[in-house]
Amino acid sequence: MTNGVQMDLIITARNIHTLTPAPAGTNAISALGITGGRIERVGTRAQAELWQAASRADYLDATITPGLVDAHVHPIWGQQIARGTYLGKVTGSKHAAEFLSQQVGEVAPGEWIFAWGLEQSAFGADTPSGADFTETFPHNPVFVMLFDGHAALANAKALEQAHIEGAEPLAGAGQIIVDEAGKPTGFLREASAINRLKEAAPPLTFEQKVKNTLATLRAMAKNGLTGGEMLDFDDPQSLQVLAQIEAEGELPLRLRVAPWVLSGHPKGRVQQIIDMQGIGGRRYCVRGAKMMIDGTIDNGSGWLAEPDAMGEGTHSAYANTDEYLECLRAFDAAGVPTSTHAIGDRGIEFVIEAIASLGHTSVYHRIEHIEEITDRAVDALASTRVSASMQPTHCTHFLDPDGADAWSRRLGRERAKRAFRLRDVFEAAQHLALGSDWPIANFDPREIMADAISRRHTKDPASRPITPEQALTNRQALQCYTRGVAGSNGSTGGRIAVGELADLTIFAADPLQLSPEELADVEIVATYVGGQRIAGATV
């Protein structure tokens, strides 16, 4: 290799973790050469002194890793969920209504009020209802998205605006919950029920979607992300939003879009998604499809082998599971990789069985969430080598070690012991990818990796670990944000090697040597996408 090649950029740092096997005797990597957005050379500082480039950046004592990628985000649909006031950790339904009233202040009669992030645990053992929001806001429609994105609350005024007067047949797993007299309580389960409310509420404008999505993506890049997998197509303007951002400048990170097909979608939806494959721009592309076999354990729509404590959770999101199998087989035959939302033990087993029934396919199929998995399903996962995607902070932020949360109460003590088996799935699955499911949980990858290692809410000193034997090591957590994501969808990225895209995350200290508490707060010095610095100070 000659030293006279002119590269675009040379980057040096104390440590560079390539996440590739290094031959014995290889010196520690501390320099990269980049040309045309890809890595052209990998070597040491001493070797880099002989390289030629248009510019150089020395990050001194920092550590460079492959660019972090969130395996599960909703940056556009999430703008509709994360709308209005965040209700987060309110301690009860009445407190939530009072807190919302304090935050919004005076509003004109008839004006819609939005909130999000309310946990079902705020209602204790009671079924959620919009009664307290009706009492607090008698003259304003109130639309509250619950934390998991699979349920919503409406007060009486919002129900009136949406013409929801009682139970009615809905597509898929959607339910309008009613009381003994048949009157709607304001609790709406799953998309087809929530959509009734969304159709009545004033929508975000296209300009708001573009502005808010760009702000979210910039914040993600600032926190160390260089890519994300967008697993939805709920907003029909999604591709137009991304195209508009690129028309005005550049996406702050790469997005791999997997449109979803849900129970109740028209028959032509599968072919429509197949035809969309490859559509994209400079930093976004449609690649893959998303399906859902169940809902969530918290609201009783997770598919369980045995009923939960309230007698629910015994059904798939697909009224006819043959419909799911038809979709999966059609995508596989067309070479389209899939991601299937499966949370409850029976749902997870069913999806593993369905993927196994495809035989020796070359298409990558992945299971999302895997919140409560049996030993039998772990063994099946290992034998089929299906890939997995999980969100550690869904466990550490929403579950209580004492079982006081809605998820644990639904399952009972014995089944709750199977919560979010990260280590077991890491060892069994072909690849394990990590992510946030934003806006369901914060997208900061540092905190998510820290919680995967500590098995507790790392930033809360009073928190206690949940099934600590399921912890990942620092290296495993980093791998699940890089090589694990790429491997789970059949791409070749997630590592630093000649020919790979120059997507890089630069930490102020070595993430493999930090305690969880240190990792959660370590500074992100810079992020690079295709050799271009997206976030961080110049050096």
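Residues numbered from 1 in each chain as written. Predicted model: local features only at pLDDT ≥ 70, side-chain atom pairs only at ≥ 80, totals over all residues. Heavy atoms only, no water.

Looking at an unreviewed UniProt entry, one finds the protein chain named Amidohydrolase and attributed to Winkia neuii.

Engineer: Requested: an account of the domain arrangement of the protein chain, with residues and values cited.
Structural biologist: Domain annotation for the protein chain reports domain 1 (84-200) and domain 2 (260-494). Taking only C-alpha atoms, the centre of domain 1 and the centre of domain 2 are 27 Å apart. Listed as interface residues are 19 residues of domain 1 and, on the opposing side, 20 residues of domain 2. Roughly 1500 Å² is buried in total at the junction of domain 1 and domain 2, and carbon and sulfur atoms are behind 54% of that figure. It is Phe147, His150 and Arg189 in domain 1 that bury the most area against domain 2; as a group they hold 34% of the surface buried on that side. Taken together, the connections running from domain 1 to domain 2 amount to 1 salt bridge. Across the domain 1-domain 2 interface, the total number found is 8 residue pairs in polar contact (both at pLDDT 80 or more). (Domains from an automatic or database assignment. Contact = heavy atoms within 4.5 Å. Buried area = accessible area lost by both parts, 1.4 Å probe. Salt bridge = Lys/Arg side-chain N within 4 Å of Asp/Glu carboxyl O. Polar contact = N/O pair within 3.5 Å; in protein donor to acceptor, adjacent residues only side chain to side chain.)

Engineer: Outline the nonpolar core, supporting the account with residue identities and numerical values.
Structural biologist: Membership of the largest hydrophobic core comes to 94 residues, with the highest contact counts inside it found for Tyr324, Phe331, Ile367, Leu432 and Leu434. Top contributing element to this core by residue count: helix α11 (residues 345-356), with 6 residues. Among all residues touching Tyr324, those that are not within four sequence positions of it are Met291, Ile293, Tyr318, Thr340, Phe350, Val351 and Ala354. Ala154, Ile164, Leu197 and Met292 belong to the second-largest nonpolar core, a separate cluster that totals 22 residues. (Core = buried A, V, L, I, M, F, W, Y, C linked by side-chain atoms within 4.5 Å. Buried < 20%, exposed > 50% of the residue type's maximum accessible area, 1.4 Å probe, protein only. Helix = DSSP H or I, 4+ residues; strand = E, 2+ residues; numbered from the N terminus.)

Engineer: Please provide a residue-by-residue account of the pairing of strand β11 (residues 151-154), values included.
Structural biologist: With burial as the criterion, each face of β11 is covered, one bearing Ala151 and Leu153 and the other bearing Ala152 and Ala154. Bridge count between strand β10 (residues 142-146) and β11: 3 bridges; the pairing is antiparallel. In the strand pairing of β11, Phe143 is matched with Ala154. The loop that links β10 with its antiparallel partner β11 comprises 4 residues; one of these, Gly149, has a positive phi angle of about 75°. Two strands pair when backbone bridges link them, and β11 and strand β13 (residues 184-189) are joined in this way by 3 bridges, in the antiparallel orientation. By the bridge assignment for β13, Ala151 is matched with Arg189. (Pairing = 2+ DSSP bridges.)

Engineer: Explain the UniProt feature "domain: Amidohydrolase" (unreviewed entry) in the protein chain to me, using residue names and the numbers behind them.
Structural biologist: Within this numbering scheme, the UniProt entry marks residues 62-534 as carrying the feature "domain: Amidohydrolase" (unreviewed entry). Helix makes up 34% of residues 62-534 and strand 18%, with an end-to-end C-alpha separation of 17 Å. (UniProt positions renumbered as here; feature names shortened; annotations may be inferred.)

Engineer: Residue-level account of the environment of Trp77, with values.
Structural biologist: Checked against the element boundaries, Trp77 lands in helix α2 (residues 77-81). On the accessibility criterion, Trp77 (12% relative accessible area) is buried. Separated by 157 residues in the primary sequence, Trp77 and Asp234 place their C-alpha atoms 6.0 Å from one another. Apart from the residues lying within four places of it in its own chain, the contact partners of Trp77 are Gly149, Lys198, Asp232, Asp234 and Trp260. A polar side-chain atom of Trp77 sits 3.3 Å from a polar atom in the side chain of Asp234.

Engineer: Talk me through helix α8 (residues 238-248); I want residue IDs and the actual numbers.
Structural biologist: Inspection of α8 places Ser238, Leu239, Val241, Leu242, Ile245 and Glu246 among the buried residues, and these make up the whole buried set. What you see down the axis of α8 is that its buried residues fit within an arc of 160°, all on one side. In this structure, α8 carries Ala247 and Glu248 as exposed residues pointing more than 90 degrees from its buried face. Buried residues belonging to α8 abut α7 (206-222), β14 (225-230), β15 (254-257), α9 (269-276) and β16 (284-286). (Arc of directions from axis to C-beta.)

Engineer: Lay out the sheet that holds β11 in plain terms, naming residues and giving numbers.
Structural biologist: The strand order across the open sheet formed by 6 strands is β8-β9-β10-β11-β13-β12, and the pairing between neighbours is mixed. Since the sheet does not close on itself, it has two edges, and those belong to β8 (85-86) and β12 (175-178), each with one partner.

Engineer: Tell me what's going on with the sheet that holds β14, and back it up with residues and numbers.
Structural biologist: Pairing is parallel in the open sheet, where 4 strands are placed in the order β7-β14-β15-β16. Where the open sheet ends on each side, the last strands, each with one partner, are β7 (68-73) and β16. When the angles between neighbouring strand axes are averaged without regard to direction, this sheet yields 15°. Pairing analysis gives 4 bridges linking β7 to β14, with the strands arranged parallel. Within β14, the residue paired with Val73 across the bridge is Met230. Where α8 meets the sheet, it contacts β14, β15 and β16, and its direction lies at approximately 155° from that of β16. (Axes fitted to C-alpha atoms, helices over the stretch in contact; angles between N-to-C directions.)

Engineer: Residues and numbers for the side chain of Thr216, please.
Structural biologist: Mapping Thr216 onto the fold places it in helix α7. For Thr216, a relative accessible area of 9% puts it in the buried group. The contacts of Thr216, once residues within four sequence positions are left out, are Gln79, Trp438 and Phe443.

Engineer: Give me the lowdown on the packing of α11 against helix α12 (residues 375-384), citing residues and values where you can.
Structural biologist: Packing of α11 against α12 brings their axes to within 10 Å, and their N-to-C directions diverge by 25°. Overall, the two elements α11 and α12 adopt an arrangement that is roughly parallel. Every pair of crossing elements has a handedness; the one defined by α11 and α12 is left-handed. Facing α11, whose interface residues are Glu349, Ile352 and Ala356, α12 presents Arg376, Ala377, Ala380, Leu381 and Thr384. Its residues assigned to classes, the contact of α11 with α12 comprises 5 nonpolar, 1 polar and 2 charged. (Parallel < 35°, antiparallel > 145°, perpendicular 65-115°, else oblique. Left-handed = near helix turned anticlockwise from the far one by under 90°. Nonpolar A, V, L, I, M, F, W, Y, C, P; charged D, E, K, R; others polar.)

Engineer: Give me the pattern of salt bridges: which residues, what numbers.
Structural biologist: For the coordinates displayed, the defined rule picks out 30 salt bridges. A salt bridge links Asp375 to Arg421, with the shortest nitrogen-to-oxygen separation between them at 2.7 Å. Here Asp375, found in helix α12, pairs with Arg421, found in the loop between α15 (413-416) and α16 (422-428); they are 46 residues apart in sequence, far enough to count as distant. According to the relative accessible area criterion, Arg421 is buried, its value standing at 10%. One salt bridge connects Arg456 with Glu517, and the closest N-O pair in it is separated by 2.6 Å. Residue Arg456 is found in the loop between α17 (445-454) and α18 (474-480), and its partner Glu517 is found in helix α20 (residues 516-521); the two are separated by 61 residues along the sequence. Classification of Arg456 as buried rests on a relative accessible area of 15%.

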